[in-house]
Amino acid sequence: MLLFYLFVVLSVDSTKASALSNPNVALFLLADDCDDPLVSALPQASFSSSSELSSSHGPGFARLNRRDGAGGWSPLVSNKYQWLQIDLGERMEVTAVATQGGYGSSNWVTSYLLMFSDSGWNWKQYRQEDSIWGFSGNANADSVVYYRLQPSIKARFLRFLPLEWNPKGRIGMRIEVFGCAYRSEVVDLDGKSSLLYRFDQKSLSPIKDIISLKFKTMQSDGILLHREGPNGDHITLQLRRGRLFLLINSGEAKLPTTSTLVNLTLGSLLDDQHWHSVLIQRLGKQVNFTVDEHRHHFHAQGEFNFVNLDYEISFGGIPAPGKSVSFPHRNFHGCLENLYYNGVDIIDLAKQQKPQIIAMGNVSFSCSQPQSMPVTFLSSRSYLALPDFSGEEEVSATFQFRTWNKAGLLLFSELQLVSGSILLFLSDGKLKLNLYQPGKLPSDITAGVGLNDGQWHSVSLSAKKNHLSVAVDGQLASAAPPLGPEQIYSDGTYYFGGCPDKSFGSKCKSPLGGFQGCMRLISIGGRVVDLISVQQGSLGNFSDLQIDSCGISDTTWTIIQHNGSDLTRVRNTNPENPYAGFFEYVASMEQLQATINRAEHCEQEFTYYCKKSRLVNKQDGTPLSWWVGRTNETQTYWGGSSPDLQKCTCGLEGNCIDSQYYCNCDADRNEWTNDTGLLSYKEHLPVTKIVITDTGRLHSEAAYKLGPLLCRGDRSFWNSASFDTEASYLHFPTFHGELSADVSFFFKTTASSGVFLENLGITDFIRIELRSPTVVTFSFDVGNGPFEISVQSPTHFNDNQWHHVRIERNMKEASLQVDQLTRKTQPAPADGHVLLQLNSQLFVGGTATRQRGFLGCIRSLQLNGMTLDLEERAQVTPEVQPGCRGHCSSYGKLCRNGGKCRERPIGFFCDCTFSAYTGPFCSNEISAYFGSGSSVIYNFQENYLLSKNSSSHAASFHGDMKLSREMIKFSFRTTRTPSLLLFVSSFYKEYLSVIIAKNGSLQIRYKLNRYQEPDVVNFDVKNMADGQLHHVVIHREEGVVFIEIDNNTRRQVHLSSGTEFSAVKSLVLGRILEHSDVDQETALAGAQGFTGCLSAVQLSHVAPLKAALHPSHPDPVTVTGHVTESSCVAQPGTDATSRERTHLFADHSGTIDDKEPLANAIKSDSAVIGGLIAVVIFILLCITAIAVRIYQQKRLYKRSEAKRSENVDSAEAVLKSELNIQKAVSENQKEYFF
């Protein structure tokens, strides 16, 4: 979100008194009367710190302007993990802070963060306008820098965290805090208690209501307030999954939608045990809903007002008997503060036990402080290494985590006695536990789904006496099979969140990268880990953590709001008297344009409600409504990413309510309908104006709503240029890296050498080059001769793959890192110049002498954080081409399952058009559950003579075309026999059927000649209707058919019925609805249809499930009965056995056992015992045979999977590594604060 704020920094000589002599400072400090100094009178015990350099540098000497001790606080080591803490004794309102350096020293802090807490635990970083920012600190030891806090802080504890300090000194601070006492009324509710307030009817205002409160909680759900009416009308403020919902239900409301429920959502992650403020204001039909300074304004429709409700309101729950609501709810568990209803102090009335207030359950008037210390893993480099101090003969750990990222390492532990390791990690939002032992197949357990939802999830891992199990949110996952006789022991170290650098000698490995998010309540062997000891360095080891604070944010998009987000109704307009609505954004047009240009994708959702209000005049095609974007051009399209003239989303998708129009509203019906679409053509965004002219007829009315501008991604990641000759180069203005230089870029080449970048001065220079196929060199001169740093690789850099280079130079050292190779450093020369003085142009891809130029591609070139636009400069430079060719040569293997890699001017994408899969890499399989009697029919042509009118997919199957080959792939899971899995028919009574016969065998029946009986391929090795997931591949080349079942059972068959499929008509999944001339077995299965799950169905380039469930254009597909998208099929890349651990298919109707009852059953005891013994022996033999078979199948499958995925995995690892290096927005779903 773009936010704009102004803050003031004032430097004064010494004391507040002298500051007041300056009228500007006086105005700053005396803006209100809450500006008393709060620190100067505190006792010594109120000050604490992470460490101290000596007893005279202790935190008690950190008072502003004091000179005792060493003249301020300094920690033992100056790094980003140090802090200075103040205990104000009680909650105070803090309105300003001031800092100094250490008296008479070179020790001062140039920037810092400010944290606050009520309990001294669970800290929160101070934000202004919900934006995280650090305070600029001091430029010397003695001047005072003041900051006014807007909004103010209400807290007992403050903590200052130095970020940067004088490079010629160390951290040194003296501080003061200004504010005043904070008085409040607090009530603590335990999740079963609540307050009910009954008020006098005369005290109500018919037009005005105001409700205000603060709350804090660790629970993600709960009712904050509820008021009901006699007819089910209600207003409810409810916490759901950490978000606050305001629900207003009125039977009198008349909205242009089917629902009368107003549902407003504000805030996120509000279950963080910090105070959040809520304000609900109603004035007539205007309602303001505000949460933590974020406001949502809306207009209540119809005759709605609060007076229609009962004369009582409950807080913390819905306790009144006889009351019922239609939504799930829980009572609130936490604290409420300063709860006011129309000026009435509810908590004060409850404390005084006034008769208007009924306290239900356990209500107390002080706020408990649950002590939960979270830790934030800030980046992919973060990790927490802890010793196993339990002394038990087991591996045991529990913790809670929350994250927005789909993948990352949670826990790693090396094993003793037996060589191997345990990995616990997130993959695609699921928890996976992997036990790896050399020479054995890995044991996998999968648990949970959607665990990257930002909510807290608990994990319990246990490995004891060769038994391995994991529980997620209290649900025990399927335990791994017995691990053999070996006892499992940890090697003594647990790695949480990531792995240290390999140079530390750790065997830790993180296949999917580090974890980014928060953890808390970490315990090992039943003992809770003391994170304070970790922070102080006396326990374990860590890197890039923020301890005692959870700093994740629910932010994935840049969101730019405007003044027209509410629903606006329009009446009585015509072409001579049009309505014009204007949208004003919180950012200037220049800022909007910069944001849009940098983003990879932007969009705005526009909804046009209509009742007899058209968008286009159907007689002459003239527009009756239109919108204007930032180019000030009139636009008449209403959805999509391309300006398709006068079309709405339904017209693009072919599903308008009247097929002769391209917009629903153009049907001109006397009932409410709407056209809703995402406008995503960047050159036209944002929308600045809308014009409506067709609401002047009888019963004609319109309404519209425009969403905020949403942008994501970073185009700079793919901004690139290709250099065709050694003499070619791009030139830019002189690089100003006098004090510090930070340069990073990607390159790929087949040349053995070349200069990437060069900038010259009179004597100084900076140069980065490929010195040889295996060496990258950084050269520079700061006035006392050239220095070089080189990184040598064991493999060649000129392999036409992307490589990342990062150089840094400051007054202390210079460094060079290439890819993940060891970073090389060079200390700055003691007698060299501090400043790097350059004066020539910056040359990219070549040199001033036009020699030794670079041949290849350079992309994402950043200098001191600024991205150079290589493409723009390349467009006007000879022998240099904008963009880079050959992205697909590097990343094409990422496109799976028939997806095609397509080059783009910036990067590449996977085209999944002809794949049964979807997703960025065509790896998300589309699955569906088929209910009894349901079907999906894909018609290639209604009549082959009309094939010219068929879709682009179906058009390749023509009636007069002889189909001599096809490839069919699908997966299924069912318990029903007989079943029809797939049926392909032709107009010539030829067909292909894939069925499960009554005995459970899989049969493939080809009839390619109407005058002959079908060829039957029968797989009767096992019952295929066993509720397990099975994979089928059928590949026909004329008269030869190759069939593969479950990745291991293979068969080749020669057909006798023919070699060509003539005039293909349709493909049926499930029940055959029309009469077909087929064999008896196919007819029986076709009448039964299919009940179960089908997944990733594909016939050559046709994907019927995808066409039915994810239509991208009008497809000739018909769905009958209950067919719904299902997640019953696991992600590709796991074997069938491991998939079944996580989900067993359950038959949704009827009973599986339909056998005849036993006749003439023998009822004697001896017969029963004998029968039981026989059954037990038979079961044991079956289990042994099945286990051997499964083991053979797994080995065959693993071998084929390893060969098939080796190249794909390596390419995916390369891309993920590059995205992590750039911290690309598209790879990280959420942003992290610190």
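Please refer to the structure higher up on the page.
Residue positions are given per chain, counted from 1 along the sequence in the order it is written. With the structure being a predicted model, the display of local features is reserved for residues of pLDDT at least 70 and the display and counting of side-chain atom pairs for 80 or more, all residues being used for whole-chain, interface and lining totals. Only heavy atoms go into the side-chain values, all of them from the structure, while hydrogens and water stay out.

Draft legend 1. Focus on the state of the cysteines. To count as a disulfide, a pair of cysteine sulfur atoms needs to be within 2.5 Å. For the coordinates displayed, the defined rule picks out nine disulfides. Linked covalently through their sulfurs, Cys335 and Cys367 form a disulfide whose S-S length is 2.0 Å. The sign of the S-S torsion, about 100°, decides the handedness of the disulfide formed by Cys335 and Cys367: right-handed. Here the residue Cys335 occupies a position in strand β23 (residues 333-341), and Cys367 occupies one in the loop between β26 (363-364) and β27 (375-377), the gap between them amounting to 32 residues. Of the two residues examined, Cys335 and Cys367, each falls in the buried class. A sulfur-sulfur distance of 2.0 Å marks the disulfide that ties Cys650 to Cys656. A torsion of 85° about the S-S bond marks the disulfide between Cys650 and Cys656 as right-handed. For the residue pair Cys650 and Cys656, the accessibility class agrees, reading buried in each case. Helix and strand definitions here come from DSSP, where helices need a minimum of 4 consecutive H or I residues and strands a minimum of 2 consecutive E residues; each element is numbered from the N-terminal end. Exposed residues in this analysis have more than 50% of their type's maximum accessible area, buried residues have under 20%, and partly exposed residues fall in between, with area computed by a 1.4 Å probe over protein chains only.

Draft legend 2. Structural detail: the nonpolar core. Throughout this description, the term nonpolar core refers to a set of buried Ala, Val, Leu, Ile, Met, Phe, Trp, Tyr and Cys residues connected via side-chain atoms within 4.5 Å. Counting residues in hydrophobic clusters, the biggest one holds 43 residues, and the most contacted among them are Phe970 and Leu982. Judged by nonpolar contacts, the second largest core, of 41 residues, contains Phe399, Ala447, Val459 and Phe496.

Draft legend 3. How the structure looks around the pattern of salt bridges. The rule for a salt bridge is simple: a side-chain nitrogen of Lys or Arg has to be within 4 Å of a carboxyl oxygen of Asp or Glu. Inspection of the entire model under this criterion finds 34 salt bridges. In this structure, the salt-bridge partner of Asp694 is Arg614, at a minimum N-O distance of 2.9 Å. With Asp694 in the loop between β50 (689-692) and β51 (701-706) and Arg614 in the loop between β46 (601-611) and β47 (625-628), the pair connects residues that are 80 residues apart, well separated along the chain. Arg614 carries the same exposure label as Asp694, and that label is buried. It is possible to trace a salt-bridge network through shared partners that takes in Arg91, Asp118, Lys216 and Glu337.

Draft legend 4. Structural view of the packing of aromatic side chains. Two aromatic rings from Phe, Tyr or Trp, using only the six-membered ring of Trp, form a pair when their centres are within 6.5 Å; if the ring planes differ by under 30 degrees the pair is stacked, by over 60 it is edge-to-face, and anything between is tilted. In this structure the tally under the stated criterion is 35 aromatic pairs. Considering the side-chain rings of Phe583 and Tyr704, the 6.2 Å spacing of their centres and the 85° angle between planes classify their relative orientation as edge-to-face. Here Phe583, found in the loop between β45 (579-582) and α5 (589-598), pairs with Tyr704, found in strand β51; they are 121 residues apart in sequence, far enough to count as distant. Assigned by exposure class, Phe583 and Tyr704 land together as buried.

Draft legend 5. Region of interest: the sheet that holds strand β48 (residues 634-635). Strand pairing follows a simple DSSP-based rule, namely that at least 2 bridges must link the two strands. With antiparallel pairing, the four strands of this open sheet are ordered in space as β45-β50-β47-β48. Both outer strands of the open sheet, β45 and β48, are each paired with one neighbouring strand and no more.

Draft legend 6. Structural context of the environment of Pro623. Relative to the helices and strands, Pro623 resides in the loop between β46 and β47. Once the C-alpha coordinates of Pro623 and Tyr637 are considered, the two residues, 14 residues apart in sequence, prove to be 9.9 Å apart. Note on contacts: a residue pair qualifies if any of its non-hydrogen atoms lie within 4.5 Å across the two residues. Setting aside anything within four residues of it in sequence, one finds Pro623 in contact with Leu615, Val616, Thr636 and Gln646.

Draft legend 7. Representation of the sheet that holds strand β63 (residues 842-844) in the model. Here six strands make up an open sheet; going across it, the order is β54-β63-β56-β57-β58-β59 and the pairing antiparallel. Only two strands of the sheet have a single neighbouring strand rather than two, namely β54 (730-732) and β59 (787-792). Put simply, the sheet's adjacent strands are angled 15° from each other on average, direction ignored. Lines fitted to C-alpha atoms define the axes here, with helix axes fitted over just the stretch in contact, and angles between the N-to-C directions of these axes take values from 0 to 180 degrees.

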